Protein chains: 2
Amino acid sequence: MPNISARSLAAPASPIRRLYSLAVEAKRKGKKVYHLNIGQPDIPTPAAFLRGIREAKIEVLDYAPSPGLPEAIHAVQVYYAELGFDLAPQEILITIGGSEAITFSLVVVCDPGDQVLLPEPFYPNYLGYARLANVEIIPVTTDRSEGFHLPPRQELEACLTPRTKAFLCSNPANPTGAVYTEDELDMLVDLALKHDLFLIVDEVYREFVYEGQHKSILSYPEVADRVIVVDSISKRVSACGARVGMLISRNKEVMAAAQKCATIRLSAPTLEQLGFAAFIADPHHNETIAHMIQEYRIRRDAFCEELAKIPGVTFRKPEGAFYVMFGLPVQDSEDFVRWMLTDFPGKETVMFAPGAGFYATLGKGHDEVRGAYVLKMEDLRRACAILAEGLTLYNAALARAQR
Amino acid sequence: MPNISARSLAAPASPIRRLYSLAVEAKRKGKKVYHLNIGQPDIPTPAAFLRGIREAKIEVLDYAPSPGLPEAIHAVQVYYAELGFDLAPQEILITIGGSEAITFSLVVVCDPGDQVLLPEPFYPNYLGYARLANVEIIPVTTDRSEGFHLPPRQELEACLTPRTKAFLCSNPANPTGAVYTEDELDMLVDLALKHDLFLIVDEVYREFVYEGQHKSILSYPEVADRVIVVDSISKRVSACGARVGMLISRNKEVMAAAQKCATIRLSAPTLEQLGFAAFIADPHHNETIAHMIQEYRIRRDAFCEELAKIPGVTFRKPEGAFYVMFGLPVQDSEDFVRWMLTDFPGKETVMFAPGAGFYATLGKGHDEVRGAYVLKMEDLRRACAILAEGLTLYNAALARAQR
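These numbers were taken from a predicted model, which means no experiment stands behind them. (Residues numbered from 1 in each chain as written. Chains lettered and ligands numbered in written order. Predicted model: local features only at pLDDT ≥ 70, side-chain atom pairs only at ≥ 80, totals over all residues.)

Participant: Which parts of the structure should I look at to understand the overall build of chain A?
Facilitator: In terms of regular secondary structure, chain A is built from 13 helices and 12 strands. Over its C-alpha trace chain A gives a radius of gyration of 21 Å, about what one expects of a compact globule, namely 22 Å for 403 residues. Projecting the C-alpha coordinates of chain A onto the three principal axes gives extents of approximately 65 × 55 × 55 Å. Sorting the 403 residues of chain A into buried and exposed places 54% on the buried side. Sequence-distant contacts, at least 24 apart, represent 77% of the contacts inside chain A between residues at least 6 apart. (Helix = DSSP H or I, 4+ residues; strand = E, 2+ residues; numbered from the N terminus. Rg over C-alpha atoms; globule rule 2.2 N^0.38 Å. Buried ≥ 20, exposed ≤ 12 C-beta atoms within 10 Å, placed from the backbone. Contact = placed C-beta atoms within 7 Å.)

Participant: What exactly am I supposed to notice about the packing of helix α11 (residues 285-308) of chain A against helix α13 (residues 377-402) of chain A here?
Facilitator: Each pair of packed helices gets described by two things: the angle between the helix axes and the distance between those axes. Residues and elements named next belong to chain A. Close contact between α11 and α13 brings their axes to 9 Å; oriented N to C, the two are set at 15°. The angle between the axes of α11 and α13 places the two elements in the roughly parallel class. Of the two possible hands of crossing, α11 and α13 adopt the one that is right-handed. Between α11, through Ile298, Arg299, Ala302, Phe303, Glu306 and Leu307, and α13, the contact on the second element is made entirely by Met377, Leu380, Arg381 and Cys384. (Axes fitted to C-alpha atoms, helices over the stretch in contact; angles between N-to-C directions. Parallel < 35°, antiparallel > 145°, perpendicular 65-115°, else oblique. Left-handed = near helix turned anticlockwise from the far one by under 90°.)

Participant: For this particular structure, what's the right way to read the interface of chain A and chain B?
Facilitator: Reports of interface size often rely on the accessible area that becomes lost once the parts have come together. Listed by partner, the interface residues are 68 residues for chain A and 67 residues for chain B. Residue assignment for the side of chain A that touches chain B shows that the elements contributing at least two residues are α1 (6-10), α3 (47-54), α5 (97-109), α6 (124-132), α9 (252-264) and α10 (270-281) of chain A. Broken down by element, the residue count for the side of chain A that touches chain B peaks at seven residues, all from α9 of chain A. Here the residues of the side of chain A that touches chain B sort into 36 nonpolar, 16 polar and 16 charged. (Nonpolar A, V, L, I, M, F, W, Y, C, P; charged D, E, K, R; others polar.)

Participant: Hey, could you run me through the sheet that holds strand β7 (residues 227-232) of chain A in this one?
Facilitator: Picture the strands of a sheet paired through backbone hydrogen bonds; they go either parallel or antiparallel. All names here are of chain A. Taken in spatial order, the seven strands of this open sheet run β2-β8-β7-β6-β5-β3-β4, and their pairing is mixed. A strand with exactly one partner marks an edge of an open sheet, and here the two such strands are β2 (92-95) and β4 (136-141). Pairwise comparison of adjacent strand axes, ignoring direction, gives a mean angle of 20° for this sheet. Pairing of strand β5 (residues 164-170) with strand β6 (residues 198-202), which is carried by five bridges, proceeds in the parallel orientation. Note on β6: the bridge partner recorded for alanine 166 is phenylalanine 198. Sitting on the sheet, helix α4 (residues 70-83) is in contact with β2 and β8 (245-248), with an inclination near 120° to β2. (Pairing = 2+ DSSP bridges.)

Participant: Just checking my understanding: could you explain the relation of the copies chain A and chain B for this structure?
Facilitator: The two chain copies are related to each other by a rotation about an axis together with a translation along it. For the pair chain A and chain B, the relating rotation is 180°, the translation along its axis is 0.0 Å, and the fit reaches an RMSD of 0.0 Å. This pairing of chains is accounted for by a two-fold axis. Within chain A, arginine 54 of chain A has its C-alpha nearest the rotation axis, a separation of 2.4 Å. Of the residues that chain A buries at the interface, 97% are likewise interface residues in chain B, meaning the two copies contact each other through the same surface. (Least-squares fit on C-alpha atoms with pLDDT ≥ 70 in both.)

Participant: Help me out: how do you make sense of unusual backbone geometry in this one?
Facilitator: Glycine aside, residues mostly have negative phi, and peptide bonds are mostly found in the trans state. All names here are of chain A. Following asparagine 174, the chain continues into proline 175 via a peptide bond in cis, with omega recorded as 15°. Position of proline 175 relative to the elements: it lies in the loop between β5 and α8 (182-195). Non-glycine residue serine 238 carries a positive phi angle of around 45°. Along the polypeptide, serine 238 turns up in the loop between β7 and β8. You can call serine 238 buried: it has 25 C-beta atoms within 10 Å.

Participant: Before we go on, may I ask you to explain the nonpolar core in this structure?
Facilitator: Note that soluble globular proteins tend to have their nonpolar side chains buried in a common cluster. In terms of nonpolar packing, the biggest core is built from 274 residues, with Leu199 of chain A together with Leu199 and Met351 of chain B touching the most fellow members. What leucine 199 of chain B contacts, discounting residues up to four positions off in sequence, is Ala166, Phe167, Leu188, Ala192, Ile217, Val223, Arg226 and Val227 of chain B. (Core = buried A, V, L, I, M, F, W, Y, C linked by C-beta atoms within 7 Å.)

Participant: How should the domain arrangement of chain A be read in this particular structure?
Facilitator: Residue and element names in this part refer to chain A. By domain assignment, chain A separates into domain 1 (7-44 + 286-402) and domain 2 (47-281). The gap between the C-alpha centroids of domain 1 and domain 2 is 26 Å. Contacts between domain 1 and domain 2 engage 39 residues on the former and 36 residues on the latter. Those elements that provide at least two residues to the side of domain 1 that touches domain 2 are α1, α11, β9 (323-327) and β12 (368-372). For the side of domain 1 that touches domain 2, the element with the most residues is α11, which contributes seven residues. Class assignment of the residues belonging to the side of domain 1 that touches domain 2 gives a composition of 20 nonpolar, 11 polar and eight charged. (Domains from an automatic or database assignment.)

Participant: Got a minute to help me understand the environment of isoleucine 233 of chain A in this structure?
Facilitator: All names here are of chain A. By the secondary structure assignment, isoleucine 233 is in the loop between β7 and β8. Placed 219 residues apart in sequence, isoleucine 233 and serine 14 show a C-alpha to C-alpha distance of 24 Å. For isoleucine 233, the contacting residues outside a window of four places in its chain are Ala239, Ala242, Val244 and Phe276.

Participant: When you look at the sheet that holds strand β9 (residues 323-327) of chain B in this model, what are you seeing that I'm missing?
Facilitator: All names here are of chain B. The strand order β9-β12-β11 describes an open sheet built from three strands, whose pairing is antiparallel. Pairing within the sheet leaves two strands with one partner each, and these edge strands are β9 and β11 (353-354). Bridge analysis of β11 against strand β12 (residues 368-372) gives two bridges, and the strand direction is antiparallel. In the strand pairing of β12, proline 354 is matched with valine 369.

Participant: Would you mind showing me how to read helix α5 (residues 97-109) of chain B here?
Facilitator: Helical geometry: 3.6 residues make up each α-helical turn, so side chains three or four residues apart lie on a common side. Here α5 of chain B spans 19 Å end to end across 13 residues, near enough to the 18 Å set by a 1.5 Å rise per residue. Counting buried positions over the 13 residues of α5 of chain B gives 13, a clear majority of the element. (Expected span 1.5 Å × (residues − 1).)

Participant: In this structure, what is going on with α10 of chain A? I would like to understand it.
Facilitator: For α10 of chain A, which comprises 12 residues, the first-to-last C-alpha distance of 17 Å matches the rise-based estimate of 16 Å (1.5 Å per residue) to within 8%. Among the 12 residues that make up α10 of chain A, 11 are buried, leaving the element largely enclosed by the rest of the structure. Looking only at α10 of chain A, the buried set comprises Thr270, Leu271, Glu272, Gln273, Leu274, Gly275, Phe276, Ala277, Ala278, Phe279 and Ile280 of chain A. Along its buried surface, α10 of chain A packs onto α3, α4, β2 and α11 of chain A together with α3 (47-54) and α10 (270-281) of chain B.

Participant: Looking at this structure, I do not really get the pairing of strand β2 (residues 92-95) of chain B. What am I missing?
Facilitator: Side chains on a regular strand alternate between the two faces of the sheet. All names here are of chain B. Here β2 shows two buried faces, one formed by Ile92 and Ile94 and the other by Leu93 and Thr95. As judged from the four bridges shared by β2 and strand β8 (residues 245-249), these two strands associate in the antiparallel manner. Note on β8: the bridge partner recorded for isoleucine 94 is methionine 246.

Participant: Can you help me understand the pairing of β4 of chain A in this one?
Facilitator: Residue and element names in this part refer to chain A. Bridge analysis of strand β3 (residues 115-120) against β4 gives six bridges, and the strand direction is parallel. When the bridges of β4 are listed, proline 119 appears paired with valine 140. Between the parallel pair β3 and β4, the chain is carried across by α6, and the sense of this crossover is right-handed. (Right-handed = clockwise from strand over helix to strand, strands pointing away.)

Participant: I keep staring at the environment of leucine 341 of chain A and nothing clicks. Help me out?
Facilitator: Mapped onto the secondary structure, leucine 341 of chain A falls in helix α12 (residues 333-342). C-alpha separation for the pair leucine 341 of chain A and valine 33 of chain A, spaced 308 residues apart in sequence, amounts to 8.1 Å.

Encoded structure:
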């Protein structure tokens, strides 16, 4: 049998997938599992979006144009104009989720062996895309006690090599909930100018901000030709399964190359692009988003309030997104997550995402988990109570085993 | 401004895209354009498919599982069982169109610099995926006078190097309509065993066969662990815009790697997977497909009959798919296609895909175009009449210009 590729072997296997099968097993045995491990919101998809799909007049479900349906590109223009950014149609590419926008960004910017700086903990799929594209991720470690904000400029500069092509981050950040300050963004812009870097910024959680203000990287005209924005409707329209994202850049060469990538994969799904256009055409779309953000703010506050009560749990209240990356009084958080699914007594349990998967640096994150507050408030409170009990029982069981 | 990547520069720009803007321009001036340049069928998408989407009970449009919705995987099992192949769920991956199945296949099998043998003329996006993944395409030229069937085994073997990882082809073939004979497939199977190659076969046109019989590469148990089948519902369900494809392999290592690729991009669109499941659940789905194939058979016969009447047009009647790759009495078919859009007099014109874009070998295909018989019969006949007139006028204009 011939060998498969080294790059596909190097792509990270999701620990969550293995753990997920344990959750399925637990549920089969009648256990209720509170899933705080995945960023899948429970908020209903807006009616206008679904109506746009159901009522689309389709006789032949044909390819959308590769750069996106004109209706969807127009909707993106309207949405960005409301944020204060005037985009030309050719500065917008509709992608198959934010996922594809990330892949395109890396492939357009990097050749095999090129490097990209990425603050860790990071969204694990960034590492996956990079490995499959033979791009090297250079992690810049950030710290829980600092709310995972960026380290001083010198620490970033120490990571640069002649092969560094870009700085990549999400803002607001998954998994940390950090929202970068204006000072941090100023520093990144400076860094990009001084060291000739692209800035690839994933702003899918743009609206999910509860402290301070989010500033888009598009606000910096001096790096207009260095900026690639990764975006998606998944979270703000609660339509993760729609697979509609976008790549935005004012750099003509980047857009021409991204359009070539788009032509090669033919098109993003047609119906969901119509759904997005219908959502933006609804005059109440901003209220719908604001209403959802308000719900997440309440959840964040409740979740953090409950977490703060648990002995040994450490975190700084995150400013945005819908995640908290928090420390646990355990040595191996993956083992703890597994134990909660297999050994925790009672009729209910809770699942988090183990921290190590969010780091490229070996040994990091083993005392952390990511919690996504994507459940309603009473479920979040209940999940925290289960977590508290689980920590006590787990550590007692460990102590017994070690005696 | 930092440089973009060499690989994105190397990705082929679609000549069709430039020509397409000329077609848009012609239509703006009131001209009717018969589009025989693109494989976008005009057959209505089956009602059961669209109903499956419209009537889906969706409150939150959430991510499908990365390997595919269980309903969609089951539908693939049912469909393949009807073809005589029993597939386990883990031998199936739902992809975002056949496009993604091709990308995954190349990335799973090849590292940068590895080579893949590909008969030319080929589906141009194969070259695009390969360039973005830094995979080298080694073209194996096939000949119009042979109906684009495979050359003798020695010619294929002469192309092999230590870096050759796979033989890739579509069967039935886009753009040639060739359906490989059992002898040709036997030869490929032998080649794969002797030289330790994967066989990546794109069978999206499996049902589109009008002469002889299509044999799936899945019929060869001796290469079960070397075979990757690329498949899609786009053509047989006339739902190109659904973006639902699949990757099939009995090689566990290949499937594990492909599943990792799938996890990294999260999921294929949810609703269209439900549409496909609804289509397969319709007891009449095979009649729907057979009815469509019958329509294409009639079109192929009419199209070929009309083409055969045009002086200087050369081709062998293709056995499958819905394309004819034919020779024209011109030196530069791209120039001719352009001229038909910009200079051809009258109220109607026709657009084909220039041949050179289907070849990797420089200088090949300049006297060929691909025609897709995706229009109804009277339009195909009219398009051929326009083509005949266009050839006369174009060559007369060229002769005048050269005097």
